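Residue strings, one per chain:
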Amino acid sequence: MVTLTLLHPQASTPLQQWNFQSQSTIRIGRAPDNDVILDDPLVSRHHLELRAAPSKSGNSWQLVNQGTNGTFLNGVLVTRGIVPDDSLIRLAREGPLIKFQLHQSISPPLVGGQLVAPLPTLNPCTHEGNPPTNVFCMHCGEPVVPALRVIRHYQVLRTLGQGGMGTTYLAWDKQKSLDGRPGLLVLKEMNTDMAQISKAQELFEREARTLKTLNHPGIPRYYDFFVEAGKKYLAMELIHGQDLEQRILTRGPVIPQQAIEWMIQTCEILDYIHSCEPPLIHRDIKPANLMVRHRDNRIIVLDFGAVKEIGTIPGTRIGAEGYSAPEQDRGNPVTQSDLYAIGPTLIFLLTGVAPIKFYRRRGSGYGFDVSDVPTITPQLRRVIERTCEPRVSDRYQSAKALSQALAACL
């Protein structure tokens, strides 16, 4: 049985409760056809679904976001992810808060009729005097927090994010240390349901192969790729920062100067991958794949699973709604397709609104119309319009050209 409890946003006291005994899908939103109806302007009509996913140890539940303003699982903005027991689900940045509780009999998992022993639990360091934010003990260098699990020589410390393809963890690699010291890194695990899909496996492996060949300060460094217990894992550099989607949803729109500077930095990284031999096309440039590194406010481009070499045969349509160029929607991306995404990304950074809402009829066709956005100057508006021209030949032809045009707007 699943229990959902609506909590008071400040006091965290129960306001309303729903119990679901046998449903495999629980729909939450503002519309009257949802199982949980929340009358809040920040909540979309159909904001999210909770879906039961049978497993060897009983039902697990998966969250699938469908809301415009996003869904936060235990404080992490997610598109899709497994929901642990006693999780907190927040609809939109300041929207309703729901506690998820799973009631089921707990018994040791059986595989092939045999009892499976639980994973060993690593005891954290018990030295006193460590600040509450420390991951490692300042006295002995051992983890202050216990490992959630151990995968080969990687100790998984916490979940960083969950998406449709995989789950990313903060991990500690004691064997392959960085600069002679135990190193923190990101360990990306391919989701179990994706492992059965050949295309998903191909994209996951492609990200590993691509990162291994790239060397740029705006791209996470590759460390390792392996298969363990039938699951694929990718170890890469940990970037201390926040992606632009989370940044805007939690803090609101930024000033034009900041948005432009970030997009100029993105163009520099795109110029690097477009200059590879053969040229590479990222195919999924969007705010969620652009991270701002805390220490220097620089952009890091993430998620190279969709990368494609130019000139290869047409492939599956990949790209986020509102950010994908017309030719990319037809399965024929070019390097200018990556540049197209800079336009709607700028719109999102400056308005905090999904760019598709500005996609309207313009003249004899359709395009982004931001003429009524006060923070977008006429000069920047012209850059956005040219970046997003339907015909490739009418756009900026290189990342350097677009970067120069953006710099002129500062």
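The structure this text deals with has already been given above.
Residues numbered from 1 in each chain as written. Predicted model: local features only at pLDDT ≥ 70, side-chain atom pairs only at ≥ 80, totals over all residues. Heavy atoms only, no water.

A. Focus on the overall build of the chain. Helix and strand counts for the chain come out as eight helices and 26 strands. Looking at the chain as a whole, 47% of its 410 residues qualify as buried. Within the chain, contacts between residues at least 6 apart in sequence are counted, and of these 49% link residues at least 24 apart. For the chain, the accessible area works out to roughly 20,300 Å², and carbon and sulfur atoms hold 50% of it. (Helix = DSSP H or I, 4+ residues; strand = E, 2+ residues; numbered from the N terminus. Buried < 20%, exposed > 50% of the residue type's maximum accessible area, 1.4 Å probe, protein only. Contact = heavy atoms within 4.5 Å. Areas by Shrake-Rupley, 256 points an atom, 1.4 Å probe, with all protein chains shown as cover.)

B. Inspection of the environment of S44 at higher detail. Its place among the elements puts S44 in the loop between β4 (36–37) and β5 (48–55). Sequence separation between S44 and I28 is 16 residues; the distance between their C-alpha atoms is 9.0 Å.

C. Layout of the sheet that holds strand β22 (residues 290–293). Taken together, three strands build an open sheet; the order of strands is β20-β22-β23 and the sheet is antiparallel. In the strand order of this sheet, the two ends are held by β20 (241–243) and β23 (298–301), each with one partner. Taking the axes of each pair of neighbouring strands and ignoring which way they run, one obtains an average angle of 30° across the sheet. Here β22 pairs with β23 via four bridges, running antiparallel. Residue pairing for β23: V292 is matched across the bridge by I299. (Pairing = 2+ DSSP bridges. Axes fitted to C-alpha atoms, helices over the stretch in contact; angles between N-to-C directions.)

D. Molecular detail of the pattern of salt bridges. Counting across every chain of the model gives 18 salt bridges. Between E327 and R395 there is a salt bridge, with its nearest N and O atoms 2.8 Å apart. Of this pair, E327 sits in helix α4 (residues 326–329) while R395 sits in the loop between α7 (378–387) and α8 (399–407), and the two are 68 residues apart along the sequence. An identical accessibility class is assigned to E327 and R395; each is buried. One network of salt bridges, in which partners are shared, links R27, E49 and R51. (Salt bridge = Lys/Arg side-chain N within 4 Å of Asp/Glu carboxyl O.)

E. Structural detail: the sheet that holds strand β1 (residues 2–7). Overall, antiparallel pairing links the six strands, which are arranged β2-β1-β11-β10-β7-β8 in an open sheet. The sheet terminates laterally at β2 (14–20) and β8 (76–78), the two strands that pair on one side only. In this sheet, adjacent strand axes meet at a mean angle of 30° when their direction is disregarded. Note that strand β7 (residues 71–73) and strand β10 (residues 87–91) share three bridges and pair antiparallel. Considered in β10, the bridge of L73 is made with I89. In the packing of helix α2 (residues 244–251) onto the sheet, contacts are made with β7 and β8, and the angle to β8 comes to roughly 115°.

F. Inspection of the packing of helix α3 (residues 256–274) against helix α6 (residues 342–351) at higher detail. Look at α3 against α6: their axes get within 10 Å of each other, and the N-to-C directions meet at 150°. It follows from the interaxial angle that α3 and α6 lie roughly antiparallel. Crossing angle aside, the handedness with which α3 passes α6 is right-handed. Packed against α3, whose contacting residues are P256, A259, I260, W262, M263, T266 and L270, the element α6 presents I342, T345, L346, L349 and L350 at the interface. Of the residues contributing to the contact of α3 with α6, the split by class is 10 nonpolar, two polar and no charged. (Parallel < 35°, antiparallel > 145°, perpendicular 65-115°, else oblique. Left-handed = near helix turned anticlockwise from the far one by under 90°. Nonpolar A, V, L, I, M, F, W, Y, C, P; charged D, E, K, R; others polar.)

G. A look at unusual backbone geometry. A cis amide bond links E277 with the next residue in sequence, P278, at an omega value of -5°. By the element assignment, P278 lies in the loop between α3 and β21 (280–281). Although it is not a glycine, D86 sits at a positive phi angle of roughly 65°. Within the fold, D86 resides in the loop between β9 (80–82) and β10. The class of D86 is partly exposed, set by a relative accessible area of 43%.

H. Representation of α7. For α7, the set of buried residues is L380, V383, I384, E385 and T387. On its buried face, α7 sits against α3, α5 (335–340), α6, β25 (359–362), β26 (365–368) and α8.

I. Fine view of empty space enclosed by the protein. What the rule picks out here adds up to one cavity of 30 Å³ or more. Counted as a void, the largest cavity has a volume near 50 Å³. In terms of lining, the largest cavity is formed by R283, D284, I285, G319, A320, Y323, S324, Q328, S337, D338 and A341. A class-by-class count of the residues in the lining of the largest cavity yields four nonpolar, four polar and three charged. (1 Å grid on protein atoms, 1.4 Å probe; cavity = no way out; pocket = protein on both sides within 12 Å on 5 of 7 lines; lining within 4 Å. Points joined across faces, edges and corners; volume = space filled by probe spheres on them.)

J. Summary view of a nonpolar patch on the surface. There is a patch of nonpolar side chains on the surface, built from I356, Y359 and Y366 and spanning about 280 Å² of accessible area. Locating I356 in the fold gives a position in the loop between α6 and β25. (Patch = residues over 30% accessible without salt bridge, like charges linked within 9 Å, V, L, I, M, F, W, Y side chains within 5 Å.)

K. Expanded view of the nonpolar core. With 61 residues, the main nonpolar core has M263, L349, L380 and L406 as its most contacted residues. Broken down by element, the residue count for this core peaks at nine residues, all from α3. Not counting the four nearest positions on each side in its chain, L349 is found in contact with L244, I248, P253, V254, A259, W262 and M263. The next biggest cluster of nonpolar side chains, apart from the first, holds 23 residues, and it includes I28, L48, V83 and F100. (Core = buried A, V, L, I, M, F, W, Y, C linked by side-chain atoms within 4.5 Å.)

L. Region of the structure containing the pairing of β22. Along β22, one buried face is formed by L290 and V292 and the opposite face, lined by M291 and R293, is buried too. Taken together, the three bridges between β20 and β22 define a ladder with antiparallel strand orientation. Bridge pairing links G241 to R293 in β22. Two successive antiparallel strands, β22 and β23, enclose a turn made up of four residues, where N297 displays a positive phi of approximately 60°.

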